[in-house]
Amino acid sequence: MTPEEFNYIIIPLRDELYRMARNMTGDDDCAEDLVQEVMLKMWSMRSSLDRYDSKKALAVTILKNKVKDRWRHNQLEQGSAGTAEPAAEDLKAEHSDEISLIKQIVEHLPPLQAEIFRLKEIEGYDSGEIMKITGCSAESLRQNLSRARRKILSDFARITRRKESNQQ
C-alpha cells in the first residue's frame, strides 16, 4: 500500500477509532494515545495491508488489543493483577446487564430522541454533526437530548428499584 492509499483508506478511520477508544477508556487523552498507537501499527503494516479484506475491522481489533494491553499494564503497575480479576468479572457482568437495560429503554423512546441519544452518547458525535444528520436546530437538539436522558434515568431508576425490592 502506498502512502497515498494509506492516507485515503486508513486515516479517515481515525475519528471513528477515537470515538470507540473514548467509549472504552472514558479518557480523552488515553483514547488519543491509543488511536495514535493504532495508526502507527497500521503504518508499520502498510506493506501487508492489501491482504486484509476489511482494514476497518483490523484497526478495531488492534485498538481493542491495545486497550486490553493498557488495562493489564495498569493492573500490574498497581500490583493488583491477581486480585482484581474476579471483581472485574463481576463488575463486567453487572455493567453488561445495565447496558442491556439502557438499550431496551432507548428502544422505547420516541424515534428522534432515540436517534439523538444514540448519536451523542453511544457513537460520540458532536452537536454540530448531529444537527446535520437529523436536521434539528440547536434548541431542538438540546431539548430532545435532555428529554431522552431524563426518561432513561427515570425508567432505569424505576426498573432497578423494582428489581432490588423483588430480590429482598
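Residues numbered from 1 in each chain as written. Predicted model: local features only at pLDDT ≥ 70, side-chain atom pairs only at ≥ 80, totals over all residues. Heavy atoms only, no water.

### Some points on helix α6 (residues 111-122)
For an α-helix, 3.6 residues make a turn, and residues three or four places apart therefore share a direction. Short version of the rule: Helical segments are the DSSP runs of H or I of at least four residues, strand segments are the runs of E of at least two, and each set is numbered from the N terminus. Given the number of residues in a helix, its expected span is that number minus one, multiplied by 1.5 Å. Only protein chains enter the accessibility calculation, which uses a 1.4 Å probe; a residue whose area is less than 20% of its type maximum is buried, one above 50% is exposed, and one in between is partly exposed.
Relative to the 16 Å expected for 12 residues at 1.5 Å per residue, α6 spans 15 Å between its end C-alpha atoms, a close match to the ideal helical length. Along α6, the residues that are buried comprise Q113, A114, I116, F117 and L119. After α6 finishes, the residue G124 shows a positive phi value of roughly 80 degrees.

### Things to note about a negative patch on the surface
The cut-off we apply is this: The residues that make up patches have over 30% relative accessible area and no salt bridge, and they are joined within 9 Å when like-charged or within 5 Å when they are Val, Leu, Ile, Met, Phe, Trp or Tyr. Accessible surface is estimated by sampling points in the Shrake-Rupley manner with a 1.4 Å probe; for residues, cover comes only from the protein chains shown. One side-chain nitrogen of Lys or Arg within 4 Å of one carboxyl oxygen of Asp or Glu is enough to make a salt bridge. Note that His is not counted, nor are the chain ends; the positive residues are Lys and Arg, and the negative ones are Asp and Glu. Every charge is mapped onto a representative atom, which is NZ of Lys, CZ of Arg, CG of Asp or CD of Glu.
Together, D27, D28, D29 and D33 make up a region of like negative charge exposed at the surface. Structurally, D28 can be placed in helix α3 (residues 28-44).

### So, the pattern of salt bridges
Scanning all chains against the criterion turns up eight salt bridges. Note that R14 is salt-bridged to E32, the shortest N-O span being 2.7 Å. Note that R14 is positioned in helix α2 (residues 14-25) and E32 in helix α3, a separation of 18 residues in sequence. A salt bridge links E16 to K56; its shortest N-O distance comes to 2.8 Å. Here the residue E16 occupies a position in helix α2, and K56 occupies one in helix α4 (residues 55-78), the gap between them amounting to 40 residues. Linked by salt bridges that have partners in common, K151, D155 and R158 make up one network.

### Let's talk about the confidence of the model for the protein
For residues with low pLDDT, the predicted coordinates do not support detailed interpretation. Applied cut-off: The pLDDT score gives, residue by residue, the confidence of the prediction method on a 0 to 100 scale. Should any heavy atoms of two residues lie within 4.5 Å, those residues are counted as being in contact.
Looking at the protein, the pLDDT average stands at 83 and 88% of residues meet or exceed 70. Here helix α5 (residues 81-107) is the element of the protein with the lowest mean pLDDT, 68, and helix α7 (residues 127-134) is the one with the highest, 91. Overall, residues 81-86 carries pLDDT values under 50, and its contacts beyond four positions in sequence, including any with other chains, amount to four contacts.

### What about the packing of aromatic side chains?
The cut-off we apply is this: Here the aromatic set is Phe, Tyr and Trp, taking the six-membered ring for Trp, and pairing holds for ring centres within 6.5 Å; pairs whose planes are under 30 degrees apart are stacked, those over 60 apart are edge-to-face, and all others are tilted. We call a charge positioned over a ring when the NZ of a Lys or the CZ of an Arg lies within 6 Å of the ring centre and within 35 degrees of the ring normal.
The tally for this structure, following the rule as stated, stands at one aromatic pair. In this arrangement the basic side chain of R19 is found over the ring face of Y125, its NZ or CZ atom lying 4.4 Å from the centre. Note that R46 overlies the ring of W43, its terminal NZ or CZ placed 3.9 Å from the centroid.

### Examining the nonpolar core
Stated precisely, the cut-off is as follows: Here, nonpolar core refers to any group of buried Ala, Val, Leu, Ile, Met, Phe, Trp, Tyr and Cys residues whose side-chain atoms link them within 4.5 Å.
Counting 22 residues, the largest nonpolar core has I10, L17, V38, M42, L49 and L63 as its most contacted members. Among the elements of the structure, α2, α3 and α4 are those that each provide at least two residues to this core. Counting residues per element, this core draws most heavily on α3, at seven residues. In contact with L63, not counting residues within four places along its chain, are L17, M20, A21, M24, L34 and V38. In this structure, I116, F117, I130 and I152 belong to the second largest nonpolar core, which totals 15 residues.

### Considering the side chain of Q113
By the element assignment, Q113 lies in helix α6. Q113 gets classed as buried once you look at its relative accessible area, which sits at 11%. Contact partners of Q113, with chain neighbours within four places excluded, come to N144, R147 and A148.

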